[in-house]
Amino acid sequence: MSEEPTLVVSKIRNGTVIDHIPAGKAMDILNVLGINGREGLRIAILMNVESKKLGRKDIIKIEGKRLSPEDLNVIALLAPSATINIIEDFAVVEKHKVLLPNIIVGVLKCPNPTCITNKRGEFVKTRFRLISRDPVKLQCEYCGNVVSGDEVTKLIAKRR
Ligand code: CTP
Ligand code: ZN
């Protein structure tokens, strides 16, 4: 008789489950969402667990939390494979894949110091155009700077 190890993590009653996150990215996502645990939200973070689709994946379960459209853009940048599940009264009432929009406003900082979006006293929201989805590549609409790969993670402005 085989003793299959099972992963037991509570279902949540109301909130959001971010599933199919590439293995190892859960902490980056929580970071850029500005969630550190001191909000008092009940959160389960599963890292490097088995996945049929991805081999290994991370999952984040946040009780009592809905994500904003900006939050979803940030998740799409870090984890293009992620699925967002909205849970109500223990049931999955909504499930969708994150999708990067063609224009991303106000989420990333431009790495070019002379870019207008970095001028002191000016409050110009950054605007990046998606020029490649996989791997993610974005171009600043103001100065033409192109950012890609790990650089993207570093340029996401930490919010809240
Ligand atoms: N989940 C949860 N609490 C609930 C319902 C679901 O934490 N009350 C979690 C599940 O553990 C799973 C995710 O939300 O990680 C999606 O649930 P479900 O759609 O039931 O799972 P799958 O069919 O395996 O999802 P998929 O087809 O997207 O892989
Ligand atoms: Zn720029």
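Residues numbered from 1 in each chain as written. Chains lettered and ligands numbered in written order. Predicted model: local features only at pLDDT ≥ 70, side-chain atom pairs only at ≥ 80, totals over all residues. Heavy atoms only, no water.

### A word on the site of ligand 1
Near ligand 1 you find Lys-11, Ile-12, Val-17, Asp-19, His-20, Lys-53, Lys-61, Asn-85, Ile-87, Phe-90, Val-92 and Lys-95, and these make up its full shell. Within the backbone of Ile-12, one N or O atom sits 2.8 Å away from a nitrogen atom of ligand 1. Contact with the protein chains covers 68% of the free accessible surface of ligand 1, which is 600 Å². Those elements giving two or more residues to the shell around ligand 1 turn out to be β1 (15-22), β4 (83-88) and β5 (91-97). Sorting elements by how many residues they give to the shell around ligand 1 places β1 first, with three residues. Residue composition of the shell around ligand 1, by class: five nonpolar, two polar and five charged. (Near = heavy atom within 4 Å. Polar contact = N/O pair within 3.5 Å; in protein donor to acceptor, adjacent residues only side chain to side chain. Areas by Shrake-Rupley, 256 points an atom, 1.4 Å probe, with all protein chains shown as cover. Helix = DSSP H or I, 4+ residues; strand = E, 2+ residues; numbered from the N terminus. Nonpolar A, V, L, I, M, F, W, Y, C, P; charged D, E, K, R; others polar.)

### Topic: the confidence of the model for the protein chain
For the protein chain, per-residue confidence averages 90 on the pLDDT scale, and 94% of positions sit at 70 or higher. Across the protein chain, element-level confidence peaks in β4 with a mean pLDDT of 98 and bottoms out in helix α3 (residues 150-155) with 87. (pLDDT = per-residue confidence, 0-100.)

### What to know about the side chain of Glu-63
Structurally, Glu-63 can be placed in strand β3 (residues 55-63). Relative accessible area serves as the criterion here: at 17%, Glu-63 is assigned to the buried category. A polar side-chain atom of Glu-63 sits 3.2 Å from the main-chain amide nitrogen of Asn-14. With sequence-adjacent residues up to four places away left out, Glu-63 is seen in contact with Ile-12, Arg-13, Asn-14, Gly-15, Leu-41 and Arg-42. (Buried < 20%, exposed > 50% of the residue type's maximum accessible area, 1.4 Å probe, protein only. Contact = heavy atoms within 4.5 Å.)

### A short note on the environment of Asp-134
Tracing the backbone shows Asp-134 in the loop between β7 (127-132) and β8 (137-140). With a relative accessible area of 74%, Asp-134 lands in the exposed category.

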